[in-house]
Amino acid sequence: MVLVPDEGKALPPPGIVNRNSVWLSGVGWCSAMLQNAMNRRPPLKAGVHRQVLLATIGWFIGYHITKYENYTYARLDRDMNQYIKMHPEEFAMKEKRTLAEIVEPFHAVR
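Structure report, in brief. Predicted model, so just to flag it, every value in this text is computed and none were measured. (Residues numbered from 1 in each chain as written. Predicted model: local features only at pLDDT ≥ 70, side-chain atom pairs only at ≥ 80, totals over all residues. Heavy atoms only, no water.)

Once that is clear, we can look at the packing of aromatic side chains. Geometry of an aromatic ring pair is reported as the spacing of the ring centres plus the angle between the planes. Taken as a whole and judged by the stated rule, the model has two aromatic pairs. Between Tyr 68 and Tyr 71, the ring centres sit 6.5 Å apart and the planes meet at 45°, which makes this aromatic pair tilted. Of this pair, Tyr 68 and Tyr 71 both sit in helix H2 (residues 48-86), separated by three residues, roughly a single helical turn. Ring centres 6.1 Å apart and planes at 85° place the aromatic pair Tyr 83 and Phe 91 in the edge-to-face group. For Tyr 83, a relative accessible area of 39% translates into the label partly exposed. (Phe/Tyr/Trp six-rings, centres within 6.5 Å; stacked < 30°, edge-to-face > 60°. Helix = DSSP H or I, 4+ residues; strand = E, 2+ residues; numbered from the N terminus. Buried < 20%, exposed > 50% of the residue type's maximum accessible area, 1.4 Å probe, protein only.)

Written out as structure tokens, the structure is:
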């Protein structure tokens, strides 16, 4: 699709079952059932072919939204890592402290 540029095609594809696909598939299926109910038809039994079609369209759109989401996060990670490499003085390693140095000493009241 046009959403992901050529540099994003090097990324691994997302899983077939992902949250966007499942969510939008459910939205498509519920919209078909809502349309059946509004037209006073049995919601589950009437127009099963439309239910399957709208669920499949939702699954397809969710898959491609996930691909675009993965590309966006990969691009942001790449830009952030490049900035860290170019400006190491802003990201100096801090000295490690133990928990005893951080927490105040405990003195029992009784």
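From this point, the narrative continues.
Along the polypeptide, Asn 18 turns up in the segment before helix H1 (19-38). A residue is classified by how much of its surface remains accessible, and Asn 18, at 12% relative accessible area, is buried. In terms of polar contacts, Asn 18 uses its side chain to reach the backbone carbonyl oxygen of Gly 15, at 2.9 Å. Polar side-chain contacts of Asn 18 include one of 3.2 Å to the side chain of Thr 66. Beyond its immediate chain neighbours, meaning those up to four positions away, Asn 18 contacts Gly 62, Tyr 63 and Thr 66. (Polar contact = N/O pair within 3.5 Å; in protein donor to acceptor, adjacent residues only side chain to side chain. Contact = heavy atoms within 4.5 Å.)

Another aspect to go through is the environment of Val 48. By secondary structure assignment, the location of Val 48 is in helix H2. A residue is classified by how much of its surface remains accessible, and Val 48, at 43% relative accessible area, is partly exposed. With 16 residues separating them in the primary sequence, Val 48 and Ala 32 have C-alpha atoms 8.7 Å apart.

Turning to the side chain of Glu 69, a few remarks are in order. For Glu 69, the location among the structural elements is in helix H2. Using a relative accessible area of 19% as the deciding quantity, one classes Glu 69 as buried. Apart from residues no more than four positions distant in its own chain, Glu 69 is found in contact with Arg 19 and Asn 20.

Time to look at the packing of H1 against H2. Contact geometry of H1 with H2 gives a least axis separation of 7 Å together with a crossing angle of 150°. In terms of orientation, H1 and H2 fall into the roughly antiparallel class. Of the two possible hands of crossing, H1 and H2 adopt the one that is right-handed. Considered class by class, the residues forming the contact of H1 with H2 number eleven nonpolar, eleven polar and three charged. (Axes fitted to C-alpha atoms, helices over the stretch in contact; angles between N-to-C directions. Parallel < 35°, antiparallel > 145°, perpendicular 65-115°, else oblique. Left-handed = near helix turned anticlockwise from the far one by under 90°. Nonpolar A, V, L, I, M, F, W, Y, C, P; charged D, E, K, R; others polar.)

Read these as layout, nothing more, since geometry by itself doesn't imply function.
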